[in-house]
Amino acid sequence: MRILVFANTPAHVHLYRHAADRLEDAGHDVLVLTREYACTTDLLEFYGMAYRRYGRHETTAPSKPQLARELGEQAARIVGESLRFRPDVVFGRGPYAALAGTVTRTPTVLVLDDEPGDFNHTVSRPFADCIISPAVTRRDLGDDHYTFDGFKECAYLHPDVFEPDGAVREYLGVGPDEPYALVRFNGLDALHDAGLEGFMREQRRDLLERLSDRATVFVSDEGGEMNLREHPAREYGLHPALIHDAMAEASLLVADTGTMVNEAALLGTPALRYRGTDDHEYGEFRELERVGLAEQFDDYEAIRDRSLELVADETAPDRWATRRREYVGDLVNLTDLLVDVAQAGGSLERVTPSTRRALQANSLVGGTNARSSSSD
């Protein structure tokens, strides 16, 4: 089979990389269509995934004429590459995947999460043969919508898939027992981030100064605007493919962005999210809060004080590790599911009984499950 995958962000690369390896090992051809954005192509090259670029995503907003021209050029490249590859099934999450499936008359599988904007879903849903999303997102996307018990990050952070590299401490230059915190500042340049604000400049300074009194602090600044020589913190400078190993060893993750909070929580690392001006209610965060793996804050002083409390608490890592063991291990291994759906050509009528059991049609049972929650 020939499987076409759209990976427009680093998170999309992680979502499909294990499935792509397994499909290729089984004799299938997998091609990734991608754009230049952040470290997306760096990750594709690191993992040896075959890919072709269809465009780039700039961090500065283009004018309307520029945007129209860029979208037209990207659509034309996608059509050309898709027709050339002749896929048997397409995986993605928006209009571009729907376009590729339409022009090649190929079954299209959309793998979604709890993104606040509905434009991509509205445009692409009529062209999808199958839509898969976590049950906790509580969306209803029609008769072809199926949910699973887990998160999209379970494709690469499920205990059956992820094996941490303990050598990451050596790479970071920290001791075996040295506590360190990861702080992630959002660039807020994605379409769904328009108009949002996270940590302000003075809040960033204050947070880094106070945290550094209690632990070594590494900063990942998505916007690339901070001069860390002015702050008592180090730049996180490892290859982006090692970020999950670094998170697994960290004492704490603090961020005003979403994906890394989900990831740290699923790895059993205390994960704190600052909402800033984002008042959207995300099903994933609500569920991770329910089981005691993540916490969200509207107030800066509250997240700062909680950060200082957790990074100084030597018992916190064991509590979070226990919660992860009790909760995450029972979630769906999304890689298994993606591989089976791909080999079935996107038809859920042809998947294995285990995948059929893992997928629920329009399961909107409040976005929760029967597991008991933990508290700090």
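What counts and what doesn't
- Residues numbered from 1 in each chain as written.
- Predicted model: local features only at pLDDT ≥ 70, side-chain atom pairs only at ≥ 80, totals over all residues.
- Heavy atoms only, no water.
- Salt bridge = Lys/Arg side-chain N within 4 Å of Asp/Glu carboxyl O.
- Helix = DSSP H or I, 4+ residues; strand = E, 2+ residues; numbered from the N terminus.
- Buried < 20%, exposed > 50% of the residue type's maximum accessible area, 1.4 Å probe, protein only.
- Axes fitted to C-alpha atoms, helices over the stretch in contact; angles between N-to-C directions.
- Parallel < 35°, antiparallel > 145°, perpendicular 65-115°, else oblique.
- Left-handed = near helix turned anticlockwise from the far one by under 90°.
- Contact = heavy atoms within 4.5 Å.
- pLDDT = per-residue confidence, 0-100.
- Core = buried A, V, L, I, M, F, W, Y, C linked by side-chain atoms within 4.5 Å.
- Pairing = 2+ DSSP bridges.
- Right-handed = clockwise from strand over helix to strand, strands pointing away.
- Phe/Tyr/Trp six-rings, centres within 6.5 Å; stacked < 30°, edge-to-face > 60°.
- Polar contact = N/O pair within 3.5 Å; in protein donor to acceptor, adjacent residues only side chain to side chain.

A few points about the pattern of salt bridges
Counting across every chain of the model gives 22 salt bridges. Lysine 152 is the salt-bridge partner of aspartate 113, the closest N and O atoms lying 3.1 Å from each other. Of this pair, aspartate 113 sits in the loop between β5 (108-111) and α5 (119-124) while lysine 152 sits in the loop between β7 (145-148) and α6 (154-157), placing them 39 residues apart in sequence. A single burial state applies to aspartate 113 and to lysine 152, both of which are buried.

Observations concerning the packing of helix α3 (residues 64-85) against helix α4 (residues 95-104)
Axis separation between α3 and α4 bottoms out at 9 Å; the angle between their running directions is 45°. In terms of axis orientation, α3 runs oblique to α4. The handedness of the crossing between α3 and α4 comes out as right-handed. Across the interface between the two elements, Leu71, Gln74, Ala75, Ile78, Val79, Ser82 and Leu83 from α3 touch Tyr96, Leu99, Ala100, Val103 and Thr104 from α4.

Looking at the confidence of the model for the protein
Mean pLDDT over the protein works out to 89, with 90% of the residues at or above the 70 mark. Here residues 188-195 is modelled with pLDDT under 50, and outside its nearest four sequence neighbours on either side it reaches 12 contacts, counting other chains as well. Considering only residues more than four positions removed or in separate chains, one finds that residues 363-375, a stretch of pLDDT under 50, has 30 contacts.

Structural notes on the environment of tyrosine 274
With respect to the helices, strands and loops of the structure, tyrosine 274 is situated in strand β12 (residues 271-274). A residue is classified by how much of its surface remains accessible, and tyrosine 274, at 7% relative accessible area, is buried.

A word on unusual backbone geometry
Unusually for a residue other than glycine, alanine 38 sits at a positive phi of about 50°. Within the secondary structure, alanine 38 is located in the loop between β2 (29-36) and α2 (40-46). Using a relative accessible area of 58% as the deciding quantity, one classes alanine 38 as exposed. One non-glycine residue, arginine 105, lies in the positive phi region at around 55°.

Some thoughts on the nonpolar core
The biggest cluster of nonpolar side chains holds 98 residues, and the ones touching the most others in it are Phe91, Leu172, Tyr180, Leu182, Leu208, Tyr236 and Leu337. Other than its neighbours up to four places away in sequence, leucine 172 contacts Tyr180, Phe218, Arg234, Tyr236, Leu238 and Ala246.

Comments concerning the pairing of β12
Neither face of β12 is left uncovered, since the one carrying Ala271 and Arg273 and the one carrying Leu272 and Tyr274 both have all their residues buried. Both strand β11 (residues 252-255) and β12 contribute to a ladder of three bridges, which runs parallel. Counterpart to leucine 253 in the pairing with β12 is alanine 271. In this region the chain leaves β11, passes through helix α10 (residues 259-266) and returns to the parallel neighbour β12; the handedness of that crossover is right-handed. Sheet analysis places β12 next to strand β13 (residues 294-297), joined by four bridges and oriented parallel.

Quick word on the packing of aromatic side chains
Scanning the model with the defined rule gives nine aromatic pairs in all. Measuring from centroid to centroid gives 5.6 Å for tyrosine 180 and phenylalanine 218, while their planes differ by 90°, and the two rings are edge-to-face. In this pair, tyrosine 180 sits in strand β8 (residues 180-185) while phenylalanine 218 sits in strand β9 (residues 216-221), placing the two residues 38 residues apart along the sequence. Each of the two residues, tyrosine 180 as well as phenylalanine 218, counts as buried. The interplanar angle of 80° and the centroid separation of 5.6 Å between the aromatic rings of phenylalanine 185 and phenylalanine 199 together place this pair among those described as edge-to-face. Pair noted here: phenylalanine 185 is in strand β8 and phenylalanine 199 is in the loop between β8 and α8 (201-211), with a separation of 14 residues, a long-range link. A relative accessible area of 0% means that phenylalanine 185 is categorised as buried. Three or more aromatic residues joined by ring pairs make a cluster, and in this case those are Phe185, Phe199, Tyr274 and Tyr300.

With respect to the sheet that holds β11
Taken together, six strands build an open sheet; the order of strands is β10-β9-β8-β11-β12-β13 and the sheet is parallel. Unpaired on one side and paired on the other, β10 (234-235) and β13 mark the two borders of the sheet. Of the strands in this sheet, β8, β11, β12 and β13 are in contact with helix α12 (residues 300-311), which crosses β12 at around 165°.

Remarks on the side chain of threonine 108
Within the element layout of this structure, threonine 108 appears in strand β5. Residue classification places threonine 108 among the buried positions, given a relative accessible area of 0%. From its side chain, threonine 108 meets the backbone oxygen of threonine 106 in a polar contact 3.3 Å long. Other than its neighbours up to four places away in sequence, threonine 108 contacts Val90, Ala97, Ala98, Gly101, Phe127, Ala128, Asp129 and Cys130.

So, the sheet that holds strand β1 (residues 2-7)
Think of a sheet as strands paired side by side through backbone hydrogen bonds, with each pair either parallel or antiparallel. Spatial strand order, β3-β2-β1-β4-β5-β6-β7-β14: eight strands in an open sheet with mixed pairing. Of all the strands in the sheet, just β3 (51-56) and β14 (360-361) have a single pairing partner and so form its edges. Bridging between β2 and β3 involves five bridges; their strand directions are parallel. When the bridges of β3 are listed, threonine 34 appears paired with arginine 53. Taken strand by strand, α3 contacts β1, β2 and β3, and its axis lies near 165° from that of β3. Its contacts with the sheet put helix α14 (residues 334-343) on β1, β4 (89-92), β5, β6 (130-134) and β7, and the angle it makes with β4 is roughly 150°.

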